Amino acid sequence: MEVPAPVDAECALPESVAGLALARDFTRATLTGWGFGAVADDALLIVTELATNAVQHGEGKPVLRLKYGDAVVRLEVTDESTALPATRESGPDGGWGLRLVQELSLAWGVTPGVSEKVVWCELGRAPRE
């Protein structure tokens, strides 16, 4: 499926872990519709991690945005905190999430704002090898 211009989709998430199922359902349906079904499993893991971090460590209502253009899909989760995420030592009590995002995506990062931050990553049409 060729899309001539970027396409955006957005979903406001509840401020609780109950929103994680909504984030996954929205992501799967959107990516399948855009022809990115091959990376849906990776995207679901990433969206779960980013949304969980927004709920647990962020503030306000998180928003999930998916953007498609130039054969790359961008996953973004915005929350109303300016505190930036940081990787930490991985172990039995966690610390694996952002490393997972890094391993599964082509690129990832954080865009700080005046009263919010956007944590994002990009995926290609096929899962990373």
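1. Looking at the packing of helix α1 (residues 19-33) against helix α2 (residues 40-57)
Then, number 1: Interhelical geometry of α1 versus α2 gives an angle of 145° and a closest axis separation of 9 Å. In this structure, α1 crosses over α2, and the sense of that crossing is right-handed. Contacts from Leu-20, Ala-23, Arg-24, Thr-27, Arg-28 and Leu-31 in α1 reach Ala-40, Asp-41, Ala-43, Leu-44, Val-47, Thr-48, Ala-51 and Thr-52 in α2.
Then, number 2: Considering only residue class, the contact of α1 with α2 consists of eight nonpolar, three polar and three charged.

2. Quick word on the state of the cysteines
Then, number 1: Applying the stated criterion across every chain yields a total of zero disulfides.
Then, number 2: Free of any disulfide, Cys-11 has its nearest neighbouring cysteine sulfur in Cys-121, separated by 16 Å.
Then, number 3: Note on Cys-11: relative accessible area 10%, which makes it buried.

3. Some remarks on the sheet that holds strand β4 (residues 107-112)
Then, number 1: Strand order in the open sheet formed by five strands is β1-β2-β3-β5-β4, with antiparallel pairing between adjacent strands. The sheet is open, and its two borders are formed by β1 (7-12) and β4, each paired with just one other strand. On average, each strand axis in the sheet is tilted by 15° relative to the strand beside it, whichever way the strands run.
Then, number 2: Alignment of β4 against strand β5 (residues 117-123), held across six bridges, turns out to be antiparallel. Along β5, the bridge assignment pairs Trp-108 with Cys-121.

4. Concerning a negative patch on the surface
Then, number 1: A surface patch of like charges, here negative, comprises Glu-15, Glu-59, Glu-80 and Glu-116.
Then, number 2: In this structure, Glu-59 sits in the loop between α2 and β2 (63-69).
Then, number 3: Assessed through its relative accessible area of 46%, Glu-59 is described here as partly exposed.

5. Examining the nonpolar core
Then, number 1: Counting 27 residues, the largest nonpolar core has Trp-34, Phe-36, Ile-46, Leu-64, Val-73, Leu-75 and Leu-123 as the members making the most contacts within it.
Then, number 2: Here this core takes six residues from α2, the largest share from any one element.
Then, number 3: If we ignore the near neighbours within four places in the chain, the residues touching Leu-64 are Ala-9, Glu-10, Cys-11, Leu-13, Ala-23, Phe-26, Thr-27, Val-47, Glu-76 and Val-77.

6. Some words on the layout of surface pockets
Once rolled over the atoms, a probe with the size of a water molecule shows which space is left empty.
Then, number 1: If you add up the space inside the largest pocket, you get close to 400 Å³.
Then, number 2: Looking at the largest pocket, it is lined by 22 residues, and the ones nearest its centre are Glu-49, Asn-53, His-57, Ala-86 and Leu-98.
Then, number 3: Within the residue set of the lining of the largest pocket, elements represented by two or more residues are α2, β3 (72-79), α3 (97-104) and β5.
Then, number 4: For the lining of the largest pocket, the element with the highest residue contribution is α2, accounting for five residues.
Then, number 5: Residue classes in the lining of the largest pocket are distributed as ten nonpolar, seven polar and five charged.

Parameters and conventions
- Each chain carries its own residue numbering, running from 1 in the direction its sequence is written.
- Local features in a predicted model are, by the rule used here, given only for residues with pLDDT of at least 70; side-chain atom pairs are given and counted only at 80 or more, and totals for whole chains, interfaces and linings are based on all residues.
- Only heavy atoms go into the side-chain values, all of them from the structure, while hydrogens and water stay out.
- Throughout, an axis means a line fitted to C-alpha atoms (over the contacting stretch in the case of helices), and angles, computed between N-to-C directions, take values from 0 to 180 degrees.
- For the purposes of this entry, the term helix denotes a DSSP run of H or I that reaches at least four residues, the term strand denotes a run of E that reaches at least two, and both are numbered from the N terminus.
- For a crossing to be left-handed, the near helix must be turned anticlockwise from the far one by less than a right angle; the clockwise case is right-handed.
- Contacts are assigned to residue pairs with any non-hydrogen atoms lying within 4.5 Å of each other.
- Only Asp, Glu, Lys and Arg are considered charged in this grouping, and only Ala, Val, Leu, Ile, Met, Phe, Trp, Tyr, Cys and Pro are considered nonpolar; every other residue, Gly among them, is considered polar.
- Criterion for a disulfide: a pair of cysteine sulfur atoms within 2.5 Å.
- Relative accessibility thresholds used throughout: buried, under 20% of the residue-type maximum; exposed, over 50%; partly exposed, between the two (1.4 Å probe, protein chains only).
- Two strands qualify as a pair provided that DSSP identifies no fewer than 2 bridges between them.
- Note that patches include only residues with greater than 30% relative accessible area and no salt bridge, and the join distances are 9 Å for like charges and 5 Å for nonpolar side chains (Val, Leu, Ile, Met, Phe, Trp, Tyr).
- Computed by Shrake-Rupley with a 1.4 Å probe, the accessible areas treat only the displayed protein chains as cover when residues are assessed.
- For this analysis, a salt bridge means a side-chain nitrogen from Lys or Arg found within 4 Å of a carboxyl oxygen belonging to Asp or Glu.
- Just so you know, the count uses Lys and Arg for positive and Asp and Glu for negative, and it drops His and the chain ends.
- Lysine's charge is taken at NZ, arginine's at CZ, aspartate's at CG and glutamate's at CD.
- In this text, buried Ala, Val, Leu, Ile, Met, Phe, Trp, Tyr and Cys residues form a nonpolar core when linked through side-chain atoms within 4.5 Å.
- Grid points spaced at 1 Å and placed over the protein atoms alone form the basis of the search, with a cavity being a set where a 1.4 Å probe fits but cannot get out and a pocket an open set showing protein on both sides within 12 Å along at least five of seven lines. Lining residues have an atom within 4 Å of a point.
- Grid points are joined across faces, edges and corners, and a volume is the space filled by probe spheres set on the points.

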